[in-house]
Amino acid sequence: ENVSPPYEDDRFPTLASFENHVNKCMVRHVSQSKLDLFRRSVLSFKAGLDKRNRRFFANEKGKRMVFERNLLPCSTTLVVVPDALLEHWAEQMRRHVNLGVFADGTKDSSSSES
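Conventions adopted
Residues numbered from 1 in each chain as written. Predicted model: local features only at pLDDT ≥ 70, side-chain atom pairs only at ≥ 80, totals over all residues. Heavy atoms only, no water. Salt bridge = Lys/Arg side-chain N within 4 Å of Asp/Glu carboxyl O. Helix = DSSP H or I, 4+ residues; strand = E, 2+ residues; numbered from the N terminus. Buried < 20%, exposed > 50% of the residue type's maximum accessible area, 1.4 Å probe, protein only. Axes fitted to C-alpha atoms, helices over the stretch in contact; angles between N-to-C directions. Parallel < 35°, antiparallel > 145°, perpendicular 65-115°, else oblique. Contact = heavy atoms within 4.5 Å. Phe/Tyr/Trp six-rings, centres within 6.5 Å; stacked < 30°, edge-to-face > 60°. Nonpolar A, V, L, I, M, F, W, Y, C, P; charged D, E, K, R; others polar.

**Thoughts on the pattern of salt bridges**
Reasoning step 1: The full count for this structure, using the stated rule, is two salt bridges.
Reasoning step 2: Close ionic contact of Glu 91 with Arg 94 constitutes a salt bridge, the shortest N to O distance being 3.4 Å. Of this pair, Glu 91 and Arg 94 both sit in helix H5 (residues 86–96), three residues apart, which is roughly one turn of that helix.
Reasoning step 3: For Glu 91, a relative accessible area of 32% corresponds to the partly exposed category.
Reasoning step 4: Assessed through its relative accessible area of 49%, Arg 94 is described here as partly exposed.

**A closer look at the packing of helix H3 (residues 51–58) against helix H4 (residues 60–69)**
How two helices sit against one another is set out by the angle between their axes and by the gap between those axes.
Reasoning step 1: Between H3 and H4, the least distance of the axes is 4 Å, while the angle of their chain directions is 95°. When the axis of H3 is compared with that of H4, the two are roughly perpendicular. The segment H3 lies against H4, with Phe 56, Phe 57 and Ala 58 engaging Glu 60, Lys 61, Gly 62, Lys 63, Met 65 and Val 66.

**Some words on the packing of aromatic side chains**
Reasoning step 1: Under the definition given, this model contains one aromatic pair.
Reasoning step 2: Between Phe 18 and Phe 38, the aromatic rings sit 6.2 Å apart at their centres with planes inclined by 70°, giving edge-to-face as the arrangement. Here Phe 18, found in helix H1 (residues 15–26), pairs with Phe 38, found in helix H2 (residues 32–49); they are 20 residues apart in sequence, far enough to count as distant.

**Examining the environment of Leu 35**
Reasoning step 1: Considering the arrangement of structural elements, one finds Leu 35 in helix H2.
Reasoning step 2: The class for Leu 35 is buried, based on a relative accessible area of 8%.
Reasoning step 3: Discounting residues that sit within four places of it in the chain, Leu 35 has contacts with Asn 23, Met 26, Val 27 and Val 30.

**Describing the environment of Phe 56**
Reasoning step 1: By secondary structure assignment, the location of Phe 56 is in helix H3.
Reasoning step 2: Judged by its relative accessible area of 30%, Phe 56 falls in the partly exposed class.

**So, the packing of H1 against H2**
Reasoning step 1: In the contact formed by H1 and H2, the axes pass within 11 Å of each other and the chain directions differ by 175°. Considered as vectors, H1 and H2 are oriented roughly antiparallel to each other. Between H1 and H2, the contacting residues are Leu 15, Phe 18, Glu 19, Val 22, Asn 23 and Met 26 on the first element and Leu 35, Phe 38, Arg 39, Val 42, Phe 45 and Lys 46 on the second.
Reasoning step 2: Tallied by class, the residues present in the contact of H1 with H2 amount to eight nonpolar, one polar and three charged.

Following this line, the structure appears as structure tokens:
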């Protein structure tokens, strides 16, 4: 069976025209964060195509920059603690963080009162 691409070769003469098409068609169907991820992926792809950037991306500083650019911003903090300090960190969290604002104040419906 002969397989053909979904579009004619000249439909997207540049990467920018493809990016614009995707953004225009998908804006109502996916979240803004997914469109931002797509945009960043296109930027990374473009940077990798540029011959001037290849030497930079091959060294440690360039690899770190690519890694950092691919991180997604979030409002979460991950605390990694060695086993020896786990109880100390748990106590510090209880002492200095108002964990009550994160607790669900509703009663657990699975427990029954007699």
